[in-house]
Amino acid sequence: MSKTQMLKGVLEGCVLQIVAQHETYGYQLVQELRAVGFTDVIGGTIYPILQKLEKKALISGRMKPSPEGPRRKYFSITPDGKAELTAFLQDWQEINNNVKRIFKLGGKE
Amino acid sequence: MNKKDTRTEKLRDETNELKKQLEEANAKFFDDLRSYLITSGIFYDEEDVTEQIYNVCLDLIEAQENGQTAEEYFGKDSRKLANSMIKNFKHAGLKEMFNITLIPIGIFWLITFMSDFANSGALKINILEYLLMAGLSVALTCIVFSLVHKSIYLSENNILRKSKIAGFIAGTVFFASFLLLFLSISLWTPDFLTIKIAYPYDTILILALALVSITWIISSKQVYLYPITPFIILIALVGIIQRIPGIVDAIGTDNFKYLSIGATVIGFLANIIWSRIQVNKLSND
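Residues numbered from 1 in each chain as written. Chains lettered and ligands numbered in written order. Predicted model: local features only at pLDDT ≥ 70, side-chain atom pairs only at ≥ 80, totals over all residues.

1. A word on the packing of helix α3 (residues 43-55) of chain A against helix α5 (residues 78-87) of chain B
Here comes step 1: α5(B) packs onto α3(A) with a crossing angle of 5° between their chain directions and a minimal axis gap of 8 Å. Classified by the angle their axes make, α3(A) and α5(B) are roughly parallel. From α3(A), A:Gly44, A:Tyr47, A:Pro48 and A:Gln51 reach across to α5(B), where they touch B:Ser78, B:Leu81, B:Ser84, B:Met85 and B:Lys87. (Axes fitted to C-alpha atoms, helices over the stretch in contact; angles between N-to-C directions. Helix = DSSP H or I, 4+ residues; strand = E, 2+ residues; numbered from the N terminus. Parallel < 35°, antiparallel > 145°, perpendicular 65-115°, else oblique. Contact = placed C-beta atoms within 7 Å.)

This is the structure:
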């Protein structure tokens, strides 16, 4: 399985978590993801995720002036997004623990 | 123009201004991406699409300021990535869809109507012909959008990209087929659904339709339709003059024929020249 495929589902949760921490926009989001280690993340991957999350009303976007001058779209988390994030964290922890357990048993960790 | 259209136009203008900050290679990348997204379909929410493009442009500028190329920031496989964005575009509402289809239908109906009222005698409106023209106009708009969309990220090996002659032949065949279809509808649509409108109602209708279409073009700032306005005025004048009793006799039948042909040619030339000026202005912008 490729890294991109593994990342697909996880990235949505990570984007939601960053947006939950502070209002942000496309470019800034990509930079933050790269800074924590997702160095392969590109703008082209993030825009559809932001669109999808906004469509599902998990985040909401509003145009407001940026420090650089022109107004741009900033995203913030919605109450539904917060609930989704909690669910994602629980699911992630469960998956993470299960994967850890399997690899410990197999002695491959 | 409603508030949503105004917002969309403002975003479009701002994007054009912002694009000037992009370096040549990045600007080319952005132009291709923008054209690909815009031509993805006519039934997407125009404001949503324009807003996405505007924000991508801002992000590309920021990436450029930080030493990244557009390709490095957005990704190499722009077509695949853009397709993921298209999948998530908001669809236009029913009212907006209706308005979108109204433009091509309106243009085709106007052309059909103009040819109807340029004919002498009572005005004849073939309803079936107008319905077929409406279908043809929407189909043509969708096909043109789809062709432009598909042509943007054509592979280097594609024959249409490699050979200008192949492109020219394909374009000629396409427009010849369209013209053939248009003429077939005009000439051979059975007239079992035809309405006849006699004088003075035909003259009133021509005048009203010409006024309504020109007022709509100007008031809703349909800039791309401005070049067609001289044509509408001249053909409407010919249609009205020939229906007013006694005028054709006073001018002379032959003279009137020359006048009609002259009006059509002048209208057509004005349309071409004005369109050309508009295209040059857009290219310079």
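2. Considerations on the packing of helix α6 (residues 94-118) of chain B against helix α11 (residues 229-243) of chain B
All names here are of chain B.
Here comes step 1: Interaxial distance between α6 and α11 falls to 8 Å at its minimum, and their mutual angle equals 30°. The angle between α6 and α11 falls in the class roughly parallel. Seen from above, α6 lies across α11 with left-handed handedness. On α11, the residues that touch Leu 110, Met 114, Phe 117 and Ala 118 of α6 are Ile 232, Ile 235, Val 238 and Gly 239.
Here comes step 2: When grouped by side-chain class, the residues that make up the contact of α6 with α11 number 7 nonpolar, 1 polar and no charged. (Left-handed = near helix turned anticlockwise from the far one by under 90°. Nonpolar A, V, L, I, M, F, W, Y, C, P; charged D, E, K, R; others polar.)

3. Examining the UniProt feature "transmembrane region" (unreviewed entry) in chain B
Residues and elements named next belong to chain B.
Here comes step 1: Under the local residue numbering, the UniProt record ascribes the feature "transmembrane region" (unreviewed entry) to residues 97-118, 130-153, 165-185, 197-217, 224-244 and 256-274.
Here comes step 2: From the first C-alpha to the last, residues 97-118 spans 32 Å; its make-up is 100% helix and 0% strand.
Here comes step 3: Helix makes up 100% of residues 165-185 and strand 0%, with an end-to-end C-alpha separation of 30 Å. (UniProt positions renumbered as here; feature names shortened; annotations may be inferred.)

4. Things to note about the interface of chain B and chain A
One widely used convention gives an interface's size as the accessible area the parts lose upon coming together.
Here comes step 1: Contact with chain B, which involves 19 residues of that partner, is made by 14 residues of chain A.
Here comes step 2: When residues of the side of chain B that touches chain A are traced back to their parent elements, those giving at least two are α1 (3-19), α3 (46-65), α4 (70-74) and α5 of chain B.
Here comes step 3: Residue contributions to the side of chain B that touches chain A peak at 8 residues, all from α3(B).
Here comes step 4: Residues of the side of chain B that touches chain A, tallied by class, amount to 8 nonpolar, 6 polar and 5 charged.

5. What to know about unusual backbone geometry
Here comes step 1: Here the bond from B:Tyr199 into B:Pro200 is cis, since omega is 5°, no more than 30 degrees from zero.
Here comes step 2: Position of B:Pro200 relative to the elements: it lies in the loop between β2 (194-197) and α10 (201-219).
Here comes step 3: In this model, A:Ala57 sits at a positive phi of 60°, which is unusual for a non-glycine residue.
Here comes step 4: Position of A:Ala57 relative to the elements: it lies in the loop between α3 and β1 (59-65).
Here comes step 5: Of the residues examined, A:Ala57 has 12 C-beta atoms within 10 Å and is grouped as exposed. (Buried ≥ 20, exposed ≤ 12 C-beta atoms within 10 Å, placed from the backbone.)

6. Some remarks on the domain arrangement of chain B
Residue and element names in this part refer to chain B.
Here comes step 1: Split by domain assignment, chain B resolves into domain 1 (3-92), domain 2 (94-197) and domain 3 (199-285).
Here comes step 2: Each of domain 1 and domain 2 has a C-alpha centre, and the two are 29 Å apart.
Here comes step 3: Opposite the 11 residues of domain 1 that make contact, domain 2 presents 10 residues.
Here comes step 4: Per-element tally for the side of domain 1 that touches domain 2: the top contributor is helix α2 (residues 24-38), with 3 residues.
Here comes step 5: In the side of domain 1 that touches domain 2, the residues fall into 4 nonpolar, 5 polar and 2 charged. (Domains from an automatic or database assignment.)

7. Re α5(B)
Here comes step 1: Restricting attention to buried positions, one finds in α5(B) the residues B:Leu81, B:Ala82 and B:Met85. Relative to the axis of α5(B), the buried residues are bounded by an arc of 100° and lie together on one face. Turned more than 90 degrees away from the buried face of α5(B) sit B:Lys80 and B:Lys87, all of them exposed.
Here comes step 2: On its buried side, α5(B) packs onto α3 of chain A together with α2, α3 and α4 of chain B. (Arc of directions from axis to C-beta.)

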